[in-house]
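Structural features, examined
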Amino acid sequence: MSRIRAEYMDPAGVRHGGLPTAHWGGADPTVYATRRQLAKDRLQPNRQPIAAQILWWGITGYGGYGTRVAYLYRRDLAAPKRPATPAQLAALEKANRARRTCSTCEQVKPYVIPRSLGECIDCHDAPWIEQEAA
Ligand SMILES: [Zn+2]
């Protein structure tokens, strides 16, 4: 079944509570963008309300088919994304470092410690290291 349905085209939002509604591919990309599309251009909605929506027939999160919706914001009201503050960057760095730190040998590895192993590859392959250190 096509993801596009005539009932989804409603530019004035007559059938959708006044919210301009378009079918898949039916919204002007120079005017509207999803949150993700804005982020790609280093923009954020800047607290503007949802300006329009896109409806399409697609796969839902429940393994079936249904009407999907994406909310659109106006590009002209979007604002540049604020860069992360030093504190935010530090928190990110700390979190990433923790994910790369082996709980057995406490070394910081250049890779994320596999959750399935719970320790770094070296410790996993060489279980005697811990005993030697103890
Ligand atoms: Zn280790």
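Residues numbered from 1 in each chain as written. Predicted model: local features only at pLDDT ≥ 70, side-chain atom pairs only at ≥ 80, totals over all residues. Heavy atoms only, no water.

Right, let's talk about the coordination of the zinc ion for a bit. A metal bound by six donors in octahedral fashion has ideal angles of 90 or 180 degrees, whereas one bound by four tetrahedral donors has an ideal angle of 109.5 degrees. Within the protein, Cys102 (SG), Cys105 (SG), Cys120 (SG) and Cys123 (SG) serve as the donor atoms for the zinc ion, at 2.2 to 2.3 Å. Judged by relative accessible area, Cys105 falls into the partly exposed class, the value being 25%. (Donors = N, O, S within 2.8 Å, 3.2 Å for Na, K, Ca; no water. Buried < 20%, exposed > 50% of the residue type's maximum accessible area, 1.4 Å probe, protein only.)

Examined at the domain level, the protein breaks down into domain 1 (6-80) and domain 2 (86-133). Computed from C-alpha coordinates alone, the two centres of domain 1 and domain 2 are separated by 42 Å. (Domains from an automatic or database assignment.)

Scanning all chains against the criterion turns up 3 salt bridges. Two residues, Asp41 and Arg75, come together in a salt bridge whose shortest N-O distance is 2.9 Å. Taken together, the residues Asp41 in the loop between α1 (35-40) and β3 (43-44) and Arg75 in the loop between β5 (65-74) and β6 (79-80) connect sequence positions 34 residues apart. Owing to a relative accessible area of 24%, Arg75 belongs among the partly exposed residues under this scheme. Across the pair Arg74 and Asp76 runs a salt bridge whose closest N-O atoms are separated by 2.8 Å. (Salt bridge = Lys/Arg side-chain N within 4 Å of Asp/Glu carboxyl O. Helix = DSSP H or I, 4+ residues; strand = E, 2+ residues; numbered from the N terminus.)

Across the sheet, 4 strands lie side by side as β1-β4-β5-β2; this open sheet has mixed pairing. Unpaired on one side and paired on the other, β1 (21-23) and β2 (32-33) mark the two borders of the sheet. Two elements, β2 and β5, share 2 bridges in a ladder whose sense is antiparallel. Residue pairing for β5: Ala33 is matched across the bridge by Tyr73. (Pairing = 2+ DSSP bridges.)

Here the focus is the environment of His16. Inspection of the secondary structure puts His16 in the segment before β1. Its relative accessible area of 24% is what places His16 among the partly exposed residues. What His16 contacts, discounting residues up to four positions off in sequence, is Glu7, Asp10, Thr21, Gln53 and Leu55. (Contact = heavy atoms within 4.5 Å.)

Here Pro86 lies in helix α2 (residues 86-100). Each C-alpha atom of the pair Pro86 and Gly118 lies 30 Å from the other, and the pair is 32 residues apart in sequence.

Our next topic: the nonpolar core. Listed in full, the 7 residues of the largest apolar core are Ala22, Ala27, Ala52, Ile54, Trp56, Ala70 and Leu72. For this core, the secondary-structure elements that each account for two or more residues are β4 (52-59) and β5. (Core = buried A, V, L, I, M, F, W, Y, C linked by side-chain atoms within 4.5 Å.)

All right, on to the pairing of β4 then. Counted residue by residue, β4 has 6 buried out of 8 residues, so it is predominantly covered. What sits between β4 and β5 in their antiparallel hairpin is a turn of 5 residues, with Gly63 showing a positive phi close to 80°.

What follows covers the confidence of the model for the protein. Looking at the protein as a whole, the pLDDT averages 90, with 93% of positions reaching at least 70. Summarising per-element confidence for the protein, the mean pLDDT is lowest in helix α4 (residues 128-133) (54) and highest in β2 (96). (pLDDT = per-residue confidence, 0-100.)

It is worth spelling out unusual backbone geometry at this point. Across the chain, the bulk of peptide bonds are trans and the bulk of non-glycine residues have phi less than zero. Of note in the backbone geometry, Asn46 takes a positive phi value of approximately 60° without being a glycine. Summarising the element assignment, Asn46 is placed in the loop between β3 and β4. The partly exposed category is assigned to Asn46, whose relative accessible area is 40%. Despite not being glycine, Glu106 shows a phi value in the positive range, around 60°. With respect to the secondary-structure elements, Glu106 resides in the loop between α2 and α3 (121-125).

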